[in-house]
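A look at the structure
As a plain string of letters, each chain reads:
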Amino acid sequence: MIELPEAAVLAEQINETVVGNRIKNVIAAHTPHKLAWYFGDPQEYKGLLTGKVISRATSYGGQVEITAGKAKLVFSDGVNLRYYNKGAQLPAKHQLLLEFDDGSSLVGWVQMYGGLSAFPDGKNDNKYYLIAKEGPSPLSIDFDEDYFKSLFDGGTAKLSLKAFLATEQRTPGLGNGVLQDILFNAKMHPKKRAGTLSATDQQVLFGSIKNTLSEMTAKGGRDTESDLLGKPGAYKTKLSKNTVGKPCPICGTLIRKEAYLGGSIYYCATCQKT
Ligand SMILES: [Zn+2]
């Protein structure tokens, strides 16, 4: 899944490799996928994008936005986004393929679910896009301790930390993947109720969000995800499918996996308190 670190890394890589390229051809919705989400009719993307030059890429929370002339492209959730040089073997299945003048290609395809959108700038009214764009990113200076503490209120007191942090886009780009190490580093269990956190706990959790996401981004994303060139990130996840059943790096207790709120949680039952 593309979450904050991966979105930031992909945007940076696109700025390094794709910017300046002119779009020669577009193939949208090539392989049918029930959980590939588009903005409007994907068959209109070819007309919207052909001939446009990619001028920049940026990220909002867990979304990657590319500017091509007066159009925008946005990729989110479980989209794999890869760049291929001229002559490279392209994946057989994909939902959005941009071919450039120099023969290179940018290809997006969906694993479980994900969004691949192209639209004239200003026309996208998708709720998650707007929240991701307008909400303070956890790595921005607007996401400070006072702002974070303001998220704890009567409405969120009963929520578990997983629900509180990783649903409703309350913290854009903070999804169930990055959540695991954030809570491990804060020594808090994913099922701990938000309302039970003391002021000190809130401070600890705030620090862990900033530090964990900064480290993941600085290292090129998590080792469970791939970058624009198909390489896994260099951030070694402490809690993920890669470490389940292995000893906790702090105390040696075996890392557990459990289904919770529509996704897996991983935790150390000794270090992380409810
Ligand atoms: Zn432990």
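Along each chain, numbering runs from 1 in the same order as the chain's sequence is written. In view of the model being predicted, local features appear only for residues whose pLDDT reaches at least 70, and side-chain atom pairs are presented and counted only at 80 or more, with totals across whole chains, interfaces and linings using the full set of residues. Calculation of side-chain values draws on the structure's entire complement of heavy atoms; hydrogens and water are dropped beforehand.

So, on to the overall build of the protein. Secondary structure follows DSSP: runs of H or I at least 4 residues long count as helices, runs of E at least 2 residues long count as strands, and numbering of each begins at the N terminus. Broken down by element type, the protein carries 7 helices and 9 strands. Taking 19 Å as the expected radius of gyration for a compact globule of 274 residues, we find that the protein reaches 19 Å, a close match to that expectation. Principal axes of the C-alpha set define a box for the protein whose edges measure 55 × 35 × 30 Å. For this analysis, residues touch if any pair of their heavy atoms sits within 4.5 Å. When contacts within the protein are restricted to residue pairs at least 6 apart in sequence, those whose partners lie at least 24 apart make up 63%. Accessible surface is estimated by sampling points in the Shrake-Rupley manner with a 1.4 Å probe; for residues, cover comes only from the protein chains shown. For the protein, the computed accessible surface area is about 12,700 Å², with 52% contributed by carbon and sulfur atoms. When charges are tallied, Lys and Arg are placed among the positive residues and Asp and Glu among the negative ones, while His and the ends of the chain are skipped. Lysine's charge is taken at NZ, arginine's at CZ, aspartate's at CG and glutamate's at CD. A distance of 6 Å separates the average location of the 33 positive side-chain charges in the protein from that of its 27 negative side-chain charges. The globule rule used here is 2.2 Å times the number of residues to the 0.38 power, and the radius of gyration it is set against is calculated over C-alpha atoms.

With their axes 9 Å apart at the nearest point, helix H6 (residues 176–185) and helix H7 (residues 199–218) run at an angle of 130° to one another. Viewed along their axes, H6 and H7 adopt a mutual orientation that is oblique. For the pair H6 and H7, the sense of crossing is right-handed. Here H6 contributes Val178, Asp181, Ile182, Leu183 and Asn185 to the contact with H7, which in turn contributes Leu205, Ser208, Ile209, Thr212, Leu213 and Met216. Residue type decides the class: Asp, Glu, Lys and Arg count as charged, Ala, Val, Leu, Ile, Met, Phe, Trp, Tyr, Cys and Pro as nonpolar, and the leftover types, Gly among them, as polar. By residue class, the composition of the contact of H6 with H7 is 7 nonpolar, 3 polar and 1 charged. Working convention: axes come from line fits to C-alpha atoms, limited for helices to the stretch in contact. Angles between N-to-C directions cover 0 to 180 degrees. We call two directions roughly parallel when the angle between them is under 35 degrees, roughly antiparallel when it is over 145, roughly perpendicular when it lies between 65 and 115, and oblique otherwise. In this scheme the crossing of two helices becomes right-handed for a clockwise turn of the near helix relative to the far one and left-handed for an anticlockwise turn of less than a right angle.

Turning next to the packing of helix H1 (residues 4–17) against H7. Between two packed helices, the angle of one axis relative to the other and the distance separating the axes together describe the packing. Two elements in contact, H1 and H7, have axes whose closest approach is 8 Å; the angle formed by their N-to-C orientations is 35°. In the packing of H1 onto H7, the handedness of the crossing is right-handed. On H7, the residues that touch Leu4, Pro5, Ala8 and Val9 of H1 are Leu213, Met216 and Thr217. When grouped by side-chain class, the residues that make up the contact of H1 with H7 number 6 nonpolar, 1 polar and no charged.

In this fold, Ile23 is placed in strand S1 (residues 23–28). If we skip the residues at most four places from it in the chain, Ile23 touches Leu49, Thr50, Gly51, Lys52, Ile54, Ala68, Leu98, Glu99 and Phe100.

This brings us to the pattern of salt bridges. Any carboxyl oxygen of Asp or Glu within 4 Å of a side-chain nitrogen of Lys or Arg constitutes a salt bridge here. Evaluated as defined, the whole model comprises 8 salt bridges. Glu99 serves as the salt-bridge partner of Lys24, at 3.5 Å between the closest nitrogen and oxygen. Pair noted here: Lys24 is in strand S1 and Glu99 is in strand S6 (residues 96–100), with a separation of 75 residues, a long-range link. By relative accessible area, which is 24% here, Glu99 ends up partly exposed. Three or more residues joined by partner-sharing salt bridges are found here, namely Glu65, Lys72 and Lys133. For each residue, the accessible area found with a 1.4 Å probe, counting protein chains only, is set against the maximum for its type, and the residue is called buried under 20%, exposed over 50%, and partly exposed in between.

Let us now look at the side chain of Thr31. Note on placement: Thr31 falls in the loop between S1 and strand S2 (36–37). Look at Thr31 and you get buried, because its relative accessible area is 14%.

Attention now moves to H6. Counting buried residues along H6, 7 of its 10 residues qualify, which places the element largely inside the surrounding structure. Looking at H6, one finds that the buried residues are Val178, Leu179, Gln180, Asp181, Ile182, Leu183 and Phe184. Contacts from the buried residues of H6 go to H1, helix H5 (161–166), H7 and strand S9 (264–267). Of the residues flanking the end of H6, it is Lys187, one or two places downstream, whose phi is positive at about 60°.

It is worth spelling out the environment of Leu261 at this point. You can see Leu261 is positioned in the loop between strand S8 (256–259) and S9. With 98 residues separating them along the chain, Leu261 and Ala163 place their C-alpha atoms 7.7 Å apart. Not counting chain neighbours up to four residues away, the residues in contact with Leu261 comprise Ser160, Lys162 and Ala163.

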